[in-house]
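In case you want the letters, here they are:
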Amino acid sequence: MTNKERRDQELLYISDQEVFEEQKRARRLTQKMNMVDRSDFETICKIVKELLGKSDGAFINPPFYCDYGTHIEVGKNFFANYNCTILDVAKVTIGDNCMLAPNVAIYTAGHPIHPDVRNTAYEYGIAVTIGDNVWIGGNTVICPGVQIGSNTVIGAGSVVTKDIPDWVVAAGNPCKVIREITDQDRKFYFRDRELDQEVWQEMQRCKTV
């Protein structure tokens, strides 16, 4: 097998010239995105669409960094805030209506633990999957192989090393489930602050449209 084929099967591989050639496309596009006028939302959207393997209405606030881009698939209404990094050696799949806060890092890339193996330059990538309606808080790190369930919130500063289920708030280093998300949470937007009547009525109106 070629190193590219080994990489795509989540086996140990070496970043050879063929692999570097694939990365050049992403580096050109991310450099273009990161240098564009930040108020030129239309151009940013076009670059995002060209960069990612699959997207529908995605927007990324530059700067943004990734290895390939084509290994990233996002659903509808994806939003990533400033300074996000996605090392997409393996597939990164993100569902609909997901938000990444500033400085979120998603790592599929890894290196062997033992130095004798690591020093041979072999590395690997293990896929990361994030469900629908997920909010990832700022400065969160998501490690290789992690799956995060739908409708979940990951608190700021978390280091996610293991799978997180649907419908929970999770946080910490290592990230752990704090509590479930319930219908009671509909009433609040921050701690004990309740939605005001104007917002509540607008939400009800949107449901009927």
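Scroll up a little and you will see the structure.
Now for a description of the structure that goes with this document. (Residues numbered from 1 in each chain as written. Predicted model: local features only at pLDDT ≥ 70, side-chain atom pairs only at ≥ 80, totals over all residues. Heavy atoms only, no water.)

### Some thoughts on the sheet that holds strand E3 (residues 64-66)
Line of reasoning, step 1. Within the open sheet, the five strands sit side by side as E3-E6-E9-E14-E17. Their pairing is parallel. With one partner strand each, in any of the chains shown, E3 and strand E17 (159-160) form the two edges of the open sheet.
Line of reasoning, step 2. Sheet topology places strand E6 (residues 84-87) next to strand E9 (residues 105-107); three bridges connect them, and they run parallel. Bridge pairing in E9 places Thr-85 opposite Ala-105. (Pairing = 2+ DSSP bridges. Helix = DSSP H or I, 4+ residues; strand = E, 2+ residues; numbered from the N terminus.)

### Regarding a nonpolar patch on the surface
Line of reasoning, step 1. Together, Leu-12, Val-117 and Tyr-122 give the surface a local cluster of nonpolar side chains, amounting to about 210 Å² of exposed area.
Line of reasoning, step 2. Note on placement: Tyr-122 falls in the loop between helix H4 (115-118) and strand E11 (124-125). (Patch = residues over 30% accessible without salt bridge, like charges linked within 9 Å, V, L, I, M, F, W, Y side chains within 5 Å. Areas by Shrake-Rupley, 256 points an atom, 1.4 Å probe, with all protein chains shown as cover. Salt bridge = Lys/Arg side-chain N within 4 Å of Asp/Glu carboxyl O.)

### Let's talk about the sheet that holds strand E13 (residues 135-136)
Line of reasoning, step 1. On the basis of which strands lie adjacent, the open sheet formed by seven strands has the order E2-E5-E8-E13-E16-E18-E19 and mixed pairing. Whereas interior strands pair on both sides, the edge strands pair on one side only; in this sheet they are strand E2 (59-60) and strand E19 (176-180).

### Some details on the side chain of Arg-7
Line of reasoning, step 1. Of note, Arg-7 is situated in helix H1 (residues 3-8).
Line of reasoning, step 2. Residue Arg-7 is classed as buried on the basis of its relative accessible area, which comes to 2%.
Line of reasoning, step 3. Each residue touching Arg-7, except ones within four places of it in the same chain, is listed here: Tyr-13, Val-19, Glu-22, Tyr-68, His-71 and Val-89. (Buried < 20%, exposed > 50% of the residue type's maximum accessible area, 1.4 Å probe, protein only. Contact = heavy atoms within 4.5 Å.)

### A look at the packing of aromatic side chains
Line of reasoning, step 1. For the structure shown, the criterion picks out two aromatic pairs.
Line of reasoning, step 2. Ring centres of Phe-41 and Phe-59 lie 5.8 Å apart, and the angle between their planes is 80°; on these two criteria the pair is classed as edge-to-face. In this pair, Phe-41 is assigned in helix H3 (residues 41-51) and Phe-59 in strand E2, connecting sequence segments 18 residues apart.
Line of reasoning, step 3. Phe-41 sits in the partly exposed class, given a relative accessible area of 48%.
Line of reasoning, step 4. By relative accessible area, Phe-59 is classed as buried at 16%.
Line of reasoning, step 5. Ring plane angle 5° and centroid distance 6.5 Å describe the contact between Phe-59 and Phe-79, whose orientation is recorded as stacked. You can see Phe-59 sitting in strand E2 and its partner Phe-79 sitting in strand E5 (residues 79-80), a full 20 residues away along the chain.
Line of reasoning, step 6. Three or more aromatic residues joined by ring pairs form one cluster here, namely Phe-41, Phe-59 and Phe-79.
Line of reasoning, step 7. Positioned over the ring face of Tyr-68 is Arg-7, at 4.7 Å from the centre of the ring. (Phe/Tyr/Trp six-rings, centres within 6.5 Å; stacked < 30°, edge-to-face > 60°. Lys NZ or Arg CZ within 6 Å of the ring centre and 35° of its normal.)

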